[in-house]
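Next come the chains, spelled out residue by residue.
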Amino acid sequence: MAKDSGIVRTFVVTLFLLVAVISSISAQSSPTLQGVMDDATKKGFSGVVLVGDLQNVLYEHAFGLADKERKLPHQVNEIWRWASVTKQVTAALVMQQVDRQHLFLDSPVQAYLPMFPKVVDSPITVRNLLQHTSGLPNPDDAAPGAENEVPVFYRVSPARTTRQRLSFCMGTSKRKPGERFEYNNCDYIILGALLTKISGMPYKRLLQKELNSTLGTSLRLATKTGSKESKVKGYLDKGQPEPTIQLSAFGASGALVGTPRDLLALDRALLTNRLVSKPSTETMWKGEPKLGYAALGAWSFEVPLKNCTGDVALVERRGEIGGIQVRNILAPKLGRAVIVFTNSSAVEFGEIWQGSGFSYDVLSAALCSKAP
């Protein structure tokens, strides 16, 4: 009996050690999101990461300093510039008007915005603007000058008026619409003017009516410059402070500011078709392979992620102005959103489809495990 007990004890100990080894191997092959972020902070990541599903916040942490000079740490509820995630919001507001049959994607812009130049043989459509195939003049083409290498369109001095910026964007086109994809802030600045014309209210009031009042968010357009809009300061590749930028110049293409929780509220509304109907959401999130899977206001594609079964459908929206970067990534079929803000342009996110890099690791941990 004693011998049998010894055998049993040996077996139990062996089994325990085997389970421990397997668990260790599993943990190494399936790192937690906290593990991914611990590694990222060692490499210099500074910012906020938020993961949520339709009901709960699954992960929310702040890392590093919001202001290096004043040694102010990041807070999870701080205000950030959303940069080009603004375009995702603008696209949703446009699709609301499509739902109400106040506009149609393949109608000429001039039909809704009389001031827009009329082109008979090849008119620019609303879809062209949403998908960056308009061929309009591009503010980024303006040669940077002495003011910290910021293109004149976004400079604080001399600041351009809204009318002057619209006039630039409605100038002579570079090419025929639909000829090719070219990322261009003018596309969404024009869409902002179009929304104002159709709704009869300025873009900022439309935000209040359609989003803030409905979702309980506190989104607004930036009116100040640089990091004065929030306590978060942006830093460039070598850690130097970002140049002063006229954030309001980005308008409906990139001037929104709000908290990460505001962005999660928006994502939940998009995932549940609270803002835009299901058919219009499907149209908005249909990535075009010929255009690098550009959809309307975002990119939409399927990729394999580590430890997920099958490819995962993603809707990705990126943003970057100065030293601030943001990633807003939705997994519609999983009902989850992954949000990352950083105040360093040195952070390398990588490309998800390449199967490696920071974005890929964060998504694999956030979407392919029961608990991030």
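Note: the structure precedes this text.
Residues numbered from 1 in each chain as written. Predicted model: local features only at pLDDT ≥ 70, side-chain atom pairs only at ≥ 80, totals over all residues. Heavy atoms only, no water.

Asks: Is there a simple way to explain the overall build of the protein chain in this structure?
Replies: Along its length, the protein chain carries ten helices and eleven strands. Of the contacts made within the protein chain by residues no fewer than 6 positions apart, 64% connect residues no fewer than 24 positions apart. Within the structure as shown, the protein chain displays about 17,600 Å² of accessible surface, and the carbon and sulfur contribution to it stands at 54%. (Helix = DSSP H or I, 4+ residues; strand = E, 2+ residues; numbered from the N terminus. Contact = heavy atoms within 4.5 Å. Areas by Shrake-Rupley, 256 points an atom, 1.4 Å probe, with all protein chains shown as cover.)

Asks: Looking at this structure, I do not really get the pairing of strand 8 (residues 299–304). What am I missing?
Replies: On a regular strand, each side chain points to the face opposite its neighbour's, so the side chains alternate between the two faces of the sheet. The pairing of strand 8 with strand 9 (residues 311–321) spans six bridges and is antiparallel. Within the sheet, the bridge partner assigned to S300 lies in strand 9 and is V315. Where strand 8 folds back on strand 9, the antiparallel hairpin that results is connected by six residues, among which N307 adopts a positive phi of roughly 70 degrees. (Pairing = 2+ DSSP bridges.)

Asks: Help me understand the sheet that holds strand 6 (residues 220–221), please; the structure alone is not making it clear to me.
Replies: The pairing of strands in a sheet happens through backbone hydrogen bonds and is either parallel or antiparallel. Across the sheet, which stays open at both edges, the three strands sit in the order 5-7-6 with antiparallel pairing between neighbours. The open sheet has two free edges, formed respectively by strand 5 (80–81) and strand 6, since each of these has just one partner strand. In this structure, strand 6 lies alongside strand 7 (residues 256–258), joined through two bridges in antiparallel fashion. From the neighbouring strand, L221 faces strand 7, where its bridge partner is L256.

Asks: Explanation requested: helix 10 (residues 358–367) in the structure shown.
Replies: Along an α-helix, residues three or four apart share an orientation, since each turn contains 3.6 residues. Counted residue by residue, helix 10 has nine buried out of ten residues, so it is predominantly covered. Among all positions of helix 10, only F358, S359, Y360, V362, L363, S364, A365, A366 and L367 are buried. Buried residues belonging to helix 10 abut helix 2 (33–42), strand 1 (47–52), strand 8, strand 9, strand 10 (324–331) and strand 11 (336–342). (Buried < 20%, exposed > 50% of the residue type's maximum accessible area, 1.4 Å probe, protein only.)

Asks: For this particular structure, what's the right way to read the packing of helix 3 (residues 85–99) against helix 7 (residues 203–215)?
Replies: When two helices pack together, their arrangement is captured by the angle between the axes and the distance separating the axes. Across the interface, helix 3 lies against helix 7 with an axial gap of 12 Å and an inter-helix angle of 75 degrees. By the angle between their axes, helix 3 is roughly perpendicular relative to helix 7. Residues T86, V89, T90, L93 and Q96 of helix 3 form the contact with helix 7, whose participating residues are Y203, L206, L207, E210 and L211. Split into classes, the residues belonging to the contact of helix 3 with helix 7 amount to six nonpolar, three polar and one charged. (Axes fitted to C-alpha atoms, helices over the stretch in contact; angles between N-to-C directions. Parallel < 35°, antiparallel > 145°, perpendicular 65-115°, else oblique. Nonpolar A, V, L, I, M, F, W, Y, C, P; charged D, E, K, R; others polar.)

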